[in-house]
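Inside the fold
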Amino acid sequence: MSIGRNEPCPCGSGRKFKVCCLPLGLKLSSIPELPEEFDLPTRYRELLALGLVSGEGAELACIQAAVDLAGTFCFSPGAENDPALQPCLHVFDELEPLVEENGREEDDLVQLFLPRLPFDVVVDSDGRTCADLLLEQHGASLPDAACEAIRALIEAEDTLCRIDRSGRGLVIEDLRTGTRLPAPEGWRETAPGITCRLVRFRGLHVPLDTMPVDDPSDPWNLASLDEAAEAAGQFLDHLDLKLRSRFKGVAIGEEVLEMALGDDDAEGTEDEDARGGGRGSHA
């Protein structure tokens, strides 16, 4: 556990961790699932406490709790009947069969897109996302840490990073923007680079959904991000929707491109089968 028992609790209560989120997290970790009856401020504190007792550093725990809180907001009972949330839910629905056709499970859909779509998909003419609506409707009652993390996620994008180990600790360099910031405490990565959803939070770079990259300096990597962003834009144009910014669409675009590649492979196999069948019939 990276939070000292006598340190201030990351939830912002002003109390020590040992008398605040630590006992709550230990209690919740001993039950199969969180209680169904809740309010959003309580649920954020529960999610944060669980992350902290599982060993996540303070920054990653705050960000992950905000991700899960946005998911709770988007998929709460009655959300499917809320017109304001429909654009984001529609993209989830469209991506579910795509992810399945690419050979993945429902858990992959959640892992890939829960940290993204509530913060990415524009839901109204003012350019707001579901996370913006969450802040507008519940921000006054949420802890400051939750609001800060949600705002950071609204600004976050997918990118390519270089991991710098030359100084004390790890520094994560966003190769798209050139921004260098320390990694969160306790975060470890052995690869020289990663692709991820990169969140700038409390003067740190907090990476989500990381994939290792052997040679981050290879120009192909940035070109691949650009190609995926373009594919995502075309996919959402087809749905008459858009993203808050271009590089919020990389994970969507990668699914679209992978599916297209799979279709091409299937067509090629069918052509080969047809040609092989023709030769066999002449034999």
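It should be noted that the structure appears before, not after, this text.
In this report, we go over the structure that sits alongside the text. (Residues numbered from 1 in each chain as written. Predicted model: local features only at pLDDT ≥ 70, side-chain atom pairs only at ≥ 80, totals over all residues. Heavy atoms only, no water.)

A closer look at the packing of helix α2 (residues 40-53) against helix α3 (residues 58-74)
Put simply, α2 and α3 touch, their axes get as near as 8 Å, and they point 140° apart. As the angle between them shows, α2 and α3 are arranged oblique. The hand of the α2/α3 crossing is right-handed. Across from Leu-40, Arg-43, Tyr-44, Leu-47, Leu-48, Gly-51 and Leu-52 in α2, the residues of α3 making contact are Ala-58, Ala-61, Cys-62, Ala-65, Ala-66, Asp-68, Leu-69, Thr-72 and Phe-73. (Axes fitted to C-alpha atoms, helices over the stretch in contact; angles between N-to-C directions. Helix = DSSP H or I, 4+ residues; strand = E, 2+ residues; numbered from the N terminus. Parallel < 35°, antiparallel > 145°, perpendicular 65-115°, else oblique. Left-handed = near helix turned anticlockwise from the far one by under 90°. Contact = heavy atoms within 4.5 Å.)

Looking at the packing of α3 against helix α7 (residues 130-138)
Between α3 and α7, the least distance of the axes is 10 Å, while the angle of their chain directions is 85°. It follows from the interaxial angle that α3 and α7 lie roughly perpendicular. Side by side, α3 and α7 meet where Leu-69, Ala-70, Phe-73 and Cys-74 of the first sit next to Cys-130, Leu-133, Leu-134, Gln-137 and His-138 of the second. Looking at the contact of α3 with α7, its residues break down into seven nonpolar, two polar and no charged. (Nonpolar A, V, L, I, M, F, W, Y, C, P; charged D, E, K, R; others polar.)

What to know about the side chain of Lys-248
Along the chain, the position of Lys-248 falls in the loop between α9 (219-238) and α10 (250-282). Sequence-distant contacts of Lys-248, defined by excluding residues within four places in its chain, comprise Phe-119, Asp-120, Leu-153, Ile-154, Glu-155, Ala-156, Glu-157, Asp-158, Arg-197 and Leu-243.

So, the packing of aromatic side chains
Tallied over the entire structure, the rule returns one aromatic pair. An angle of 75° between the planes, with centres 5.1 Å apart, marks the rings of Phe-75 and Phe-92 as edge-to-face. Residue Phe-75 is found in the loop between α3 and α4 (86-101), and its partner Phe-92 is found in helix α4; the two are separated by 17 residues along the sequence. You can call Phe-92 buried: its relative accessible area is 7%. Taking the ring centre of Phe-247 as reference, the NZ or CZ of Arg-176 above it sits at 3.9 Å. Here the guanidinium or amino end of Arg-246 rests over the ring plane of Phe-247, the centre of that ring lying 5.6 Å away. (Phe/Tyr/Trp six-rings, centres within 6.5 Å; stacked < 30°, edge-to-face > 60°. Buried < 20%, exposed > 50% of the residue type's maximum accessible area, 1.4 Å probe, protein only. Lys NZ or Arg CZ within 6 Å of the ring centre and 35° of its normal.)

As for helix α5 (residues 106-113)
Listed in full, the buried residues belonging to α5 are Leu-109, Leu-112 and Phe-113. Here the buried residues of α5 occupy an arc of 75° about the axis, which is enough to place them on one side. (Arc of directions from axis to C-beta.)

What about the pairing of strand β2 (residues 171-174)?
Along β2, one buried face is formed by Val-171 and Glu-173 and the opposite face, lined by Ile-172 and Asp-174, is buried too. Note that strand β1 (residues 157-164) and β2 share four bridges and pair antiparallel. Pairing of Arg-162 across the sheet is with Glu-173, part of β2. Of the strand pairs in this sheet, β2 and strand β3 (residues 180-182) are connected by three bridges, and their pairing is antiparallel. The residue bridging Val-171 from the neighbouring strand is Pro-182, located in β3. (Pairing = 2+ DSSP bridges.)

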